[in-house]
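Here's the letter readout for the chains.
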Amino acid sequence: MVLTIFGSVAFDTIGTPTKILKNVLGGAATFASISASFFVKPGLIAVIGKDFPKEYHKILSKRLDLKGLAIKDGKTFRYSGVYDKTLSSRRTLRTDLNVLRSFKPTVPDSYRKSEFVYLANNDPDQNSALIKEFDNVKFSMCDTIDFWISTKRSSVIRMFKQVDAVVINDEEARLLTKEFNLIKCAKKIMSWGTKYVVIKKGEHGSLLFFEDLIFSSPAVSLENVVDPTGAGDSFAGAMMGYLTSKKKTDLTSIKKSVAFGNVMGSFAVEGYGTEGLLRVKKPDIKKRMSQYEKMISF
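Here, residues in each chain are numbered from 1, in the same order as that chain's written sequence. Restriction of local features to residues with pLDDT of at least 70 applies here, the model being predicted, together with a cutoff of 80 or more for giving and counting side-chain atom pairs; totals for whole chains, interfaces and linings are based on all residues. Hydrogens and waters are ignored; side-chain quantities use all the structure's heavy atoms.

S.K.: Explain the pattern of salt bridges here, please?
M.R.: When their charged atoms lie close together, side chains carrying opposite charge are able to pair. Only one rule defines a salt bridge in this text: a Lys or Arg side-chain nitrogen within 4 Å of an Asp or Glu carboxyl oxygen. Taken as a whole, this structure holds 15 salt bridges when the rule is applied. With a shortest N-O distance of 2.7 Å, Asp-73 and Lys-50 are connected by a salt bridge. Of the two residues, Asp-73 is situated in the loop between strand S5 (65-72) and strand S6 (78-83) and Lys-50 in the loop between strand S4 (43-49) and helix H2 (54-63); the sequence distance between them amounts to 23 residues. Across this residue pair, the class does not change: Asp-73 and Lys-50 are exposed. Between Arg-158 and Asp-125 there is a salt bridge, with the nearest N and O atoms lying 3.9 Å from each other. On the criterion of sequence distance, the pair formed by Arg-158 in helix H5 (residues 153-160) and Asp-125 in helix H3 (residues 124-131) is long-range, its members being 33 residues apart. Taking the relative accessible area as the measure of exposure, Arg-158 reaches 43% and is therefore partly exposed. It is possible to trace a salt-bridge network through shared partners that takes in Asp-123, Asp-125, Lys-152 and Arg-158. A run of H or I in DSSP becomes a helix once it reaches four residues, and a run of E becomes a strand once it reaches two; helices and strands are each numbered from the N terminus. For every residue, the accessible area obtained with a 1.4 Å probe (protein chains only) is divided by the maximum for its type, and the residue is called buried under 20%, exposed over 50%, and partly exposed between those limits.

S.K.: Whenever I open this one, the pairing of strand S1 (residues 3-6) confuses me. Can you help?
M.R.: Side-chain direction in a regular strand flips from residue to residue, so the side chains alternate between the two faces of the sheet. Covered by surrounding structure in S1 are Leu-3 and Ile-5 together with Thr-4 and Phe-6, the residues of both alternating faces. Two strands qualify as a pair provided DSSP detects at least 2 bridges between them. In terms of strand pairing, S1 meets strand S8 (residues 116-119) through 4 bridges, oriented parallel. What sits directly across from Leu-3, in S8, is Phe-116.

S.K.: Any chance you could explain the sheet that holds strand S9 (residues 139-143) here in plain terms?
M.R.: Sheets are built from strands that pair by backbone hydrogen bonding, the pairs being arranged parallel or antiparallel. Spatially, S5-S4-S1-S8-S9-S10-S11-S12-S13 is the arrangement adopted by the 9 strands of the open sheet, whose pairing is mixed. Each edge of the open sheet is held by one strand with a lone partner, namely S5 and strand S13 (213-217). Across the sheet, the mean angle from the axis of one strand to that of its neighbour is 15 degrees, orientation sign disregarded. Bridge count between S4 and S5: 6 bridges; the pairing is parallel. By the bridge assignment, Ile-45 is partnered in S5 with Gly-68. Strands S1, S4 and S8 of the sheet are contacted by helix H1 (residues 28-36), whose axis makes an angle of about 160 degrees with S1. As a rule, the C-alpha atoms of each element are fitted with a line to give its axis, helices using only the stretch in contact, and angles between N-to-C directions run from 0 to 180 degrees. The contact criterion used is simple: two residues touch if any of their non-hydrogen atoms lie within 4.5 Å.

S.K.: So what exactly am I meant to see when it comes to the packing of aromatic side chains here?
M.R.: Whether two aromatic rings pair depends on their centres lying within 6.5 Å, for rings of Phe, Tyr and Trp, where Trp uses its six-membered ring; planes under 30 degrees apart make the pair stacked, over 60 edge-to-face, and the rest tilted. Counting across every chain of the model gives 10 aromatic pairs. With a centroid separation of 4.9 Å and 25 degrees between ring planes, the pair formed by Tyr-242 and Phe-260 is classed as stacked. Taken together, the positions of Tyr-242 in helix H8 (residues 231-246) and Phe-260 in helix H9 (residues 251-268) put the pair 18 residues apart, joining distant regions of the chain. Across this residue pair, the class does not change: Tyr-242 and Phe-260 are buried. Definition used: whenever NZ (Lys) or CZ (Arg) falls within 6 Å of the ring centre and also within 35 degrees of the ring normal, the charge is taken to sit over that ring. Lying across the ring of Tyr-272, Lys-19 places its NZ or CZ 4.7 Å from the centre. Over the ring of Phe-180 we find Arg-174, and its NZ or CZ is 4.4 Å from the ring centre.

S.K.: Would you mind going over helix H6 (residues 170-177) with me for this structure?
M.R.: Think of an α-helix as turning once every 3.6 residues; residues three or four places apart then point the same way. If you check which residues of H6 are buried, you get Asp-170, Glu-172, Ala-173, Leu-176 and Thr-177. Buried residues in H6, looked at end-on, bunch into an arc of 160 degrees, giving them a common side. Contacts from the buried residues of H6 go to helix H4 (146-151), H5, strand S10 (165-169), helix H7 (182-191) and strand S11 (196-200). Whenever a nitrogen or oxygen atom comes within 3.5 Å of another N or O atom, the pair is scored as a polar contact, on the condition that within protein one atom can donate a hydrogen and the other can accept it, and that pairs from neighbouring residues in sequence are kept only if both atoms are in side chains. Where H6 begins, the capping side chain belongs to Asn-169, and its oxygen is found 3.1 Å from the backbone nitrogen of Glu-171. This arc is taken over the directions from the axis of the helix to the C-beta atoms.

Below is the structure:
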């Protein structure tokens, strides 16, 4: 196994201006892993309940290695949220951790030599403990969310010291650092020990920070956006998938991985739930990447 992804697999109930989705396949690790699977076959560390449908399991098994997927008595993690009319803001209605509440992740022996590891927006203490179970990590990246920033800020900061890169959205970067300017946010995060910081800005693209360098990349311009759920996770999964496929971690490769992140995130928002990613073919990615490169060159 060359890439391992640790995170949540969930049932999502999402309200959008055009459709209400009930108990569809979701979760940070789900989106990240499916996105990464277009570049390599990642190993997944996650937990599901006995209520997880066979059709969802089949979707994952076709694309991922599931030796790290635990099946426990009880119900699968559930999330419920609703978007505003502009699709730019989402309000959480309910979060039921269920089997995720007592989950103690372990790394399968076949995953321990993974050179690339992505830790999704899990409990930061779990992430910090899990990364130490790998023998030869070449590049690691983590994410976080406002819940952990508000309840375990010191643990989030300690987690950042354990990884090579941090991916975080603009609102959470400001909440965490207590800074408003995103350059100041990134510098403070890097001062805590990570080498790279990627700040996601939704429809406005992303910013990559390394030392004194800032690499700004716009989002792919789209006419039809229906569901932004999982876009950020798809972005991160594509980054890790691309870097793993190239087995490179130089700055040029990381810049290219960010571009692929924007491309895969664009596919995610064009469908409801995971359907945007699941209907993509590799030629679609190649074509959109070519269009994206034309869009950002001058």
